[in-house]
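# Descriptive structure summary
Letter by letter, the chains look like this.
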Amino acid sequence: MLADIRAFICGCKGLSLSAEEQAFIKEMRPWGLILFKRNINNKQQVSELVSLFRSISGRDEAPVLIDQEGGRVQRLGPPLWPAYPSAASFHLQASGNVEVAAQAIEQTTRKLAGDLFELGINIDCLPVLDVPSADGHGVIGDRAYAEDPHLVARYGAAAAAGLMAGGVLPVMKHIPGHGRARADSHLELPIVEAGRAELGRVDFAPFKALAYLPMAMSAHVVYTALDPDHPATTSPFVIGSIIRDWIGFDGLLMSDDLSMKALSGSFAARTKAAFAAGIDMALHCNGEIEEALEVAKVAPPLQGKARERAEKALKLLQLPIESVDA
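Quick look at the structure, then. These figures come from a predicted structure and were not determined experimentally. (Residues numbered from 1 in each chain as written. Predicted model: local features only at pLDDT ≥ 70, side-chain atom pairs only at ≥ 80, totals over all residues. Heavy atoms only, no water.)

Our focus in this paragraph is the overall build of the protein chain. Summing up its helical and strand segments, the protein chain has 11 helices and 13 strands in all. Computed over the C-alpha atoms, the radius of gyration of the protein chain is 18 Å, within 12% of the 20 Å expected from 2.2 N^0.38 for a compact globule of 326 residues. Once local pairs closer than 6 in sequence are excluded, the contacts in the protein chain between residues at least 24 apart make up 77%. Counting every atom, the protein chain has about 13,000 Å² of accessible surface; 52% of that belongs to carbon and sulfur. The distance from the centre of the 31 positive side-chain charges to the centre of the 39 negative ones in the protein chain is 3 Å. (Helix = DSSP H or I, 4+ residues; strand = E, 2+ residues; numbered from the N terminus. Rg over C-alpha atoms; globule rule 2.2 N^0.38 Å. Contact = heavy atoms within 4.5 Å. Areas by Shrake-Rupley, 256 points an atom, 1.4 Å probe, with all protein chains shown as cover. Lys, Arg positive; Asp, Glu negative; His and termini not counted. Charge placed at Lys NZ, Arg CZ, Asp CG, Glu CD.)

Next up, the structure:
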């Protein structure tokens, strides 16, 4: 099924796939497609876009991803879809009652999964497991469930359970932790100077607790105590010794968007560095075809351990979907 697929996920520019994009997908064979607000107009249009991608790919369940968190990060929104609450709001609205908040999160993400499933979208880049710090950049902010790593893990588990009950795969992000970063990695490279013990106790803890989840997205963050020269996405030490060994995550590891300004060098160089470090899947989001071609040409075939991880994740989509009240 995945024999001729290349290990990258692409975006597209508009509401449908242009002739050039269709030719690109047919020739370069990306594993998946990721959607943004620029790709969203109405339910029929999104369903047709998803179906066209799958038709060109020749795979009925080819992955289609989206960042549908709720709050500030919500690609599908009113009036056609609900305005879902931010992650941080659940704990506050439950007045600190953890089980009440967790139940509300799971119910909400189950309904959110229903929105996505109806459109054919089968992967959501959620839950956010970053633990925010007081001096961290607001790019995470209320996207985080709480400031306590144990609560982040509990609420993240509830969010993932709701998605999977609705037939949508979760992607935990941004492994091994973006909450302490003082910069927005969309715009510049964040540098975190906390010690390894502190990182393990706080930042890495939610990911370790949820290491059983099928997929994760890397952080474009430098941790000086671990690897002062490379962000996690391109660091063999962070991926091998921290994400794989200490955290114990053996699922499919995708990069965050390779077009983000935290990374430097050509797109081919960024892609090669990510795979050399141990990334399983490259993510390129902005739909710029020339950039995507650079990524695609150096992305390896999806094979070996990466293929096993991808296949294992997709098998979870065959589990029965739980009903949910309207």
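Now for the side chain of Thr271. Mapped onto the elements, Thr271 comes out in helix 9 (residues 267-277). We classify Thr271 as buried; its relative accessible area is 0%. With residues up to four places along the chain from it excluded, the contact list for Thr271 reads Leu258, Ala282, Val295, Val298 and Ala299. (Buried < 20%, exposed > 50% of the residue type's maximum accessible area, 1.4 Å probe, protein only.)

Moving on to the environment of His174. For His174, the location among the structural elements is in strand 8 (residues 172-175). Each C-alpha atom of the pair His174 and Ala219 lies 4.8 Å from the other, and the pair is 45 residues apart in sequence. Every residue in contact with His174, bar those within four places of it in the chain, is listed here: Asp130, Ile140, Arg143, Phe207, Met217, Ser218, Ala219 and Asp256. A distance of 2.7 Å separates the side chain of His174 from the side chain of Asp130, its partner in a polar contact. (Polar contact = N/O pair within 3.5 Å; in protein donor to acceptor, adjacent residues only side chain to side chain.)

Let us look at the packing of helix 9 against helix 10 (residues 289-298). At a minimum axis distance of 8 Å, the contact between helix 9 and helix 10 shows a crossing angle of 35 degrees. Here helix 9 runs over helix 10; the crossing is right-handed. Here Phe267, Ala268, Thr271 and Lys272 of helix 9 come into contact with helix 10, specifically with Glu291, Glu294, Val295 and Val298. (Axes fitted to C-alpha atoms, helices over the stretch in contact; angles between N-to-C directions. Left-handed = near helix turned anticlockwise from the far one by under 90°.)

In this section: helix 11 (residues 304-315). Taking 1.5 Å of rise per residue, 12 residues should cover 16 Å, and helix 11 covers 17 Å from first to last C-alpha, within 8% of that figure. What helix 11 keeps buried is the set Ala306, Arg309, Ala310, Ala313 and Leu314. End-on, the buried residues of helix 11 take up no more than an arc of 130 degrees, which puts them together on one face. Along helix 11, the residues that are exposed and aim more than 90 degrees away from the buried face are Lys312 and Lys315. In the core, the buried residues of helix 11 are packed alongside strand 2 (30-35), strand 7 (169-170), strand 10 (215-218), helix 8 (236-246) and strand 12 (252-257). (Expected span 1.5 Å × (residues − 1). Arc of directions from axis to C-beta.)

This part takes up the packing of aromatic side chains. By the definition in use, this model includes four aromatic pairs. When the centroid spacing of 6.2 Å and the interplanar angle of 80 degrees are considered together, the rings of Phe204 and Tyr223 count as edge-to-face. Of this pair, Phe204 sits in the loop between helix 6 (196-203) and helix 7 (205-209) while Tyr223 sits in strand 11 (residues 222-223), placing them 19 residues apart in sequence. Here Phe204 falls in the buried class, since its relative accessible area comes to 1%. Each residue in the set Phe204, Tyr223 and Trp246 is aromatic and connected to the rest through ring pairs, giving one cluster. Over the ring of Trp246 we find Lys208; its NZ or CZ atom is 4.4 Å from the centre of that ring. The cationic tip of Arg270 hangs over the ring face of Phe267; the distance from NZ or CZ to the ring centre is 4.6 Å. (Phe/Tyr/Trp six-rings, centres within 6.5 Å; stacked < 30°, edge-to-face > 60°. Lys NZ or Arg CZ within 6 Å of the ring centre and 35° of its normal.)

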